[in-house]
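Chain and residue survey
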Amino acid sequence: MIRHSSLPKLAQCPCYESNPVAGPAAERGTRMDAAFRAMLMGKPVTGDLTTEELEAVAWAVSTARTLADGAPIEADEDKLKVVTPGLDHIGTEDGRVEALKLSFDLKSGQSTRSYYEQMAAYALGNMDSDFNEETKNWTCVLLFCDQREVKRHEFTYEKAAEVVSEVLSSATDPNRKPTACEYCSWCRKADTCVARTAPVVETLAVVETPSVSLEALKAEIVSDPARLGRFLQAAAVFKDFHEEVKTAAKVDMEAGLSVPGWKLQKQKGNEYFDRLSIVRAAISGKSGLDDLVANCGGSMSGKKFREWCAKMGVPVQEDESRRGDEIVKLVVDKPKRREA
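The structure contained in this document is the topic of the report that follows. Along every chain, residues carry numbers that run from 1 in the direction the sequence is written. Given that this is a predicted model, residues contribute local features only at a pLDDT of at least 70 and side-chain atom pairs are listed and counted only at 80 or more, while totals for whole chains, interfaces and linings are drawn from all residues. No hydrogens and no water enter the side-chain calculation; it runs on all heavy atoms of the structure.

**A word on the environment of Leu-142**
Mapped onto the fold, Leu-142 is located in strand β5 (residues 137–144). Exposure categories follow from relative accessible area, calculated using a 1.4 Å probe and restricted to protein chains: below 20% of the type maximum is buried, above 50% is exposed, and the middle band is partly exposed. The exposure class of Leu-142 is buried, given its relative accessible area of 1%. Linking Leu-142 and Arg-152, residues 10 residues apart in sequence, is a C-alpha distance of 6.2 Å. Pairs of residues are marked as contacts when any of their non-hydrogen atoms sit within 4.5 Å. Once residues lying within four places of it in the same chain are set aside, the contact partners of Leu-142 are Asp-105, Lys-107, Tyr-115, Met-119, Glu-149, Val-150, Lys-151 and His-153. What counts as a helix is a DSSP run of H or I of at least four residues, what counts as a strand is a run of E of at least two, and both are numbered from the N terminus.

Quick look at the structure:
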């Protein structure tokens, strides 16, 4: 069954399959979606959300109300179901303004990701529904609450139908082939997909061949645009695989495993000052309060905070300094240099 949320992934790889096990990011997004709808309806927010997450959702609610411009916003989950032609799965929006032919979708992920195909499916479903049978245009608004960004996608019926049809046609093609993309790690076939395993095997083969001249290989790859494109794609896959292996190695080494040529290196967490410290300093400085508080994002690095305090002649309350969790890195264990 193809889900609305799978369409952007299928647009990049027609063989993509959603992982049935929801990761931490997906679970966080579900909690924030529920909080968004609850706030819009004036109901208590349930779920384990941090202060920063609640503030992010509150921004999205305020933004949605501003964009609705007084028109009623439907936020009841049971009334936000979307049936899209060609999809068996029933999607769920996060908010809808029927009077403006507009819907909202809260996103807690990166604003650099594209959700265009998913929005096209929502738009098509809305325009194809009984209560919108005369509608020929629909707008989908993405609310990236973590980054406080808004993106709009406007569709005609024909455009939305075309986008959805192209993705479905590619995803159901019996001759489709997997393509490495940014969503590989989310796919249930990530560990066995040839688009991921082949680049890793090929890279290891090159590394273990002593006769290979890296300089000659680089020149050969750069001189062939088609091969260069394949190499960059393969390198991206290997990079993800490399990070996964490093993470596994760290866990094993923390448990006592020795890996020749590598060691664990501990690093203090980043220093920061929280919102209360920033507000107290801003009030003490009697200048720049609005700008400082509005742009601190809930906390400020120790370096930036000290620079601001020095500029305003405000003493730094050292006992209010905080640090994040200790960071453990896997680094090359270089031989110590002898002192002359």
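**What about the side chain of Gln-118?**
Its location among the elements puts Gln-118 in helix α4 (residues 116–128). Among the polar contacts listed, one links the side chain of Gln-118 to the side chain of Lys-107, at a separation of 3.0 Å. Leave out the neighbours within four places in its chain, and Gln-118 touches His-4, Ser-5, Leu-7, Pro-8, Asp-105 and Lys-107. Polar contacts, as used here, are pairs of N or O atoms within 3.5 Å; protein pairs need one atom able to donate a hydrogen and one able to accept it. Residues neighboring in sequence count only if both atoms are side-chain atoms.

**Observations regarding the nonpolar core**
What makes a nonpolar core is a set of buried Ala, Val, Leu, Ile, Met, Phe, Trp, Tyr and Cys residues whose side-chain atoms join them at distances within 4.5 Å. Core analysis: the largest hydrophobic core is formed by 29 residues, its most contacted members being Leu-7, Ala-123, Cys-140 and Phe-155. Only α1 (7–12), α4, β5 and α5 (157–171) provide two or more residues apiece to this core. Ranked by residue count, the leading element in this core is α4, at 7 residues. In this structure Phe-155 touches Tyr-116, Met-119, Ala-120, Ala-123, Met-127, Lys-136, Asn-137, Trp-138, Cys-140 and Ala-160, once residues within four positions along its chain are discounted. Met-39, Leu-49, Ala-56 and Ala-60 belong to the second largest nonpolar core, which has 21 residues in total.

**Some details on the pattern of salt bridges**
Criterion for a salt bridge: a side-chain nitrogen of Lys or Arg within 4 Å of a carboxyl oxygen of Asp or Glu. One pass over the structure, following the stated rule, counts 12 salt bridges. Across the salt bridge formed by Arg-188 and Glu-17, the nearest N and O atoms sit 3.9 Å from each other. One end of the pair, Arg-188, is in the loop between α5 and α6 (194–207); the other, Glu-17, is in the loop between α1 and α2 (24–40), and 171 residues separate them in sequence. By relative accessible area, which is 52% here, Arg-188 ends up exposed. Classification of Glu-17 by relative accessible area gives partly exposed; the value is 33%. Between Glu-318 and Arg-306 there is a salt bridge; the shortest N-O distance is 2.8 Å. Of the two residues, Glu-318 is situated in the loop between α11 (302–312) and β10 (322–323) and Arg-306 in helix α11; the sequence distance between them amounts to 12 residues. Arg-306 gets classed as partly exposed once you look at its relative accessible area, which sits at 28%. What you see here is one network of salt bridges that share partners, running through Glu-17, Arg-188 and Lys-189.

**Quick notes on α2**
Expected span of a helix, by definition, is 1.5 Å for each gap between consecutive residues, and there is one gap fewer than residues. For α2, built from 17 residues, the straight-helix expectation of 24 Å at 1.5 Å per residue is met to within 8% by its first-to-last C-alpha distance of 25 Å. Buried residues of α2: Gly-29, Met-32, Asp-33, Ala-35, Phe-36, Arg-37, Ala-38, Met-39 and Leu-40, and no others. Contact partners of the buried residues in α2: α3 (51–68), β2 (90–92), β4 (102–107) and β5. Just past α2, the residue Gly-42 takes up positive phi, approximately 75 degrees.

**Structural notes on the environment of Arg-176**
Along the polypeptide, Arg-176 turns up in the loop between α5 and α6. According to the relative accessible area criterion, Arg-176 is partly exposed, its value standing at 36%. Separated by 163 residues in the primary sequence, Arg-176 and Cys-13 have C-alpha atoms spaced 8.9 Å apart. Every residue in contact with Arg-176, bar those within four places of it in the chain, is listed here: Pro-14, Cys-15, Ser-170 and Ala-171. Looking at Arg-176, its side chain comes within polar contact range of the main-chain oxygen of Pro-14, at 3.4 Å.

**A word on the side chain of Asp-105**
Structurally, Asp-105 is set in strand β4. A distance of 2.8 Å separates polar atoms of two side chains, one belonging to Asp-105 and the other to Lys-107. Contacts of Asp-105, omitting those with residues within four sequence positions, involve Asp-94, Gln-118, Met-119, Tyr-122, Val-141, Leu-142 and Leu-143.

**Examining the sheet that holds β4**
We call two strands paired when DSSP finds no fewer than two bridges between them. The strand order across the open sheet built from 4 strands is β3-β4-β5-β6, with neighbouring strands paired in mixed fashion. Each edge of the sheet is formed by a strand with only one pairing partner; in this case those strands are β3 (95–97) and β6 (149–156). Ignoring strand direction, the axes of neighbouring strands in this sheet form an average angle of 20 degrees. Pairing geometry for β4 and β5, over 6 bridges, is parallel. Bridged to Leu-102 within β5 is Thr-139. An axis is simply a line fitted to the C-alpha atoms; with a helix, the fit covers only the stretch in contact. Between two such axes, the angle follows the N-to-C directions and lies from 0 to 180 degrees.

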